[in-house]
Amino acid sequence: QVQLVESGGGLVQAGGSLRLSCAASARTFSSYAMGWFRQVPGKEREFAAAISRSGGGTGYADSVKGRFTISRDNAKNTVYLQMNNLKPEDTAVYYCAASNHYYSVNDQSYDYWGQGTQVTVSS
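Just so it is clear, the model here is predicted, and its values are computed rather than measured.

Quick notes on the rules
- Residues numbered from 1 in each chain as written.
- Predicted model: local features only at pLDDT ≥ 70, side-chain atom pairs only at ≥ 80, totals over all residues.
- Heavy atoms only, no water.
- Helix = DSSP H or I, 4+ residues; strand = E, 2+ residues; numbered from the N terminus.
- Core = buried A, V, L, I, M, F, W, Y, C linked by side-chain atoms within 4.5 Å.
- Buried < 20%, exposed > 50% of the residue type's maximum accessible area, 1.4 Å probe, protein only.
- Contact = heavy atoms within 4.5 Å.
- Disulfide = S-S within 2.5 Å.

Engineer: Give a detailed account of unusual backbone geometry, specifying residues and quantitative values.
Structural biologist: Backbone geometry at Asn77 places phi at a positive 55°, although glycine is not the residue there. Tracing the backbone shows Asn77 in the loop between β7 (68-73) and β8 (78-83). With a phi angle near 50°, Asn85 is a residue other than glycine that sits in the positive phi range. Topologically, Asn85 is positioned in the loop between β8 and β9 (92-99).

And the structure:
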C-alpha cells in the first residue's frame, strides 16, 4: 500500500507560479512511475504530467507543455510539479498518482492516488 500526500496548492494570479509536491510512503518509491492529474467539478479527471521510475522519461498534456515541469527525488520519496505562467483554466484539484507500470496518460494505469490539492488561478 502506498500513501500519497499532496501539498503546495493555493491561490495565485494569472502568470504566477506554484510548485506542487507529493510525498509518498512507499519504501520502494523508485519502483513506481508517477503522474499528476487534475479535475474540475463536473468534468472528467484529465492528465497533466507523468514521469518514469528513474525520472529519465517525462510526458505532458499539450495544455501544459512548456509551462509545467514534473520531476522527482527518489531519495526523498517525492514528486514535484512546477507550474509556471499559470492560467485561469489551470484551476482544478490536482492529484498525484503512483503506478506499478510504465508511466501513462491513462488514469486507469495508476494504482494509488492522493487526496488532492486545490489550485486556483485568478484572472
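Engineer: Go over the nonpolar core with me, naming the residues and quoting the values.
Structural biologist: Grouped together as the largest cluster of nonpolar side chains are 37 residues, with contacts concentrated most on Leu4, Met34, Trp36, Val79, Leu81, Met83 and Tyr94. Mapped onto this core, the elements with two or more residues apiece are β3 (18-24), β4 (33-39), β5 (46-51), β7, β8, β9 and β11 (117-122). In contact with Leu81, other than residues within four places in its own chain, are Leu18, Arg19, Leu20, Trp36, Ala49, Phe68, Thr69, Ile70 and Tyr94.

Engineer: Before we move on, can you summarise the state of the cysteines with the specific residues and values?
Structural biologist: In this structure the tally under the stated criterion is one disulfide. Residue pairing for Cys22: its cysteine sulfur links by disulfide to Cys96, the two sulfurs lying 1.9 Å apart. With Cys22 in strand β3 and Cys96 in strand β9, this residue pair connects regions lying 74 residues apart in the sequence. Across the pair, Cys96 and Cys22 agree in class, each one buried.

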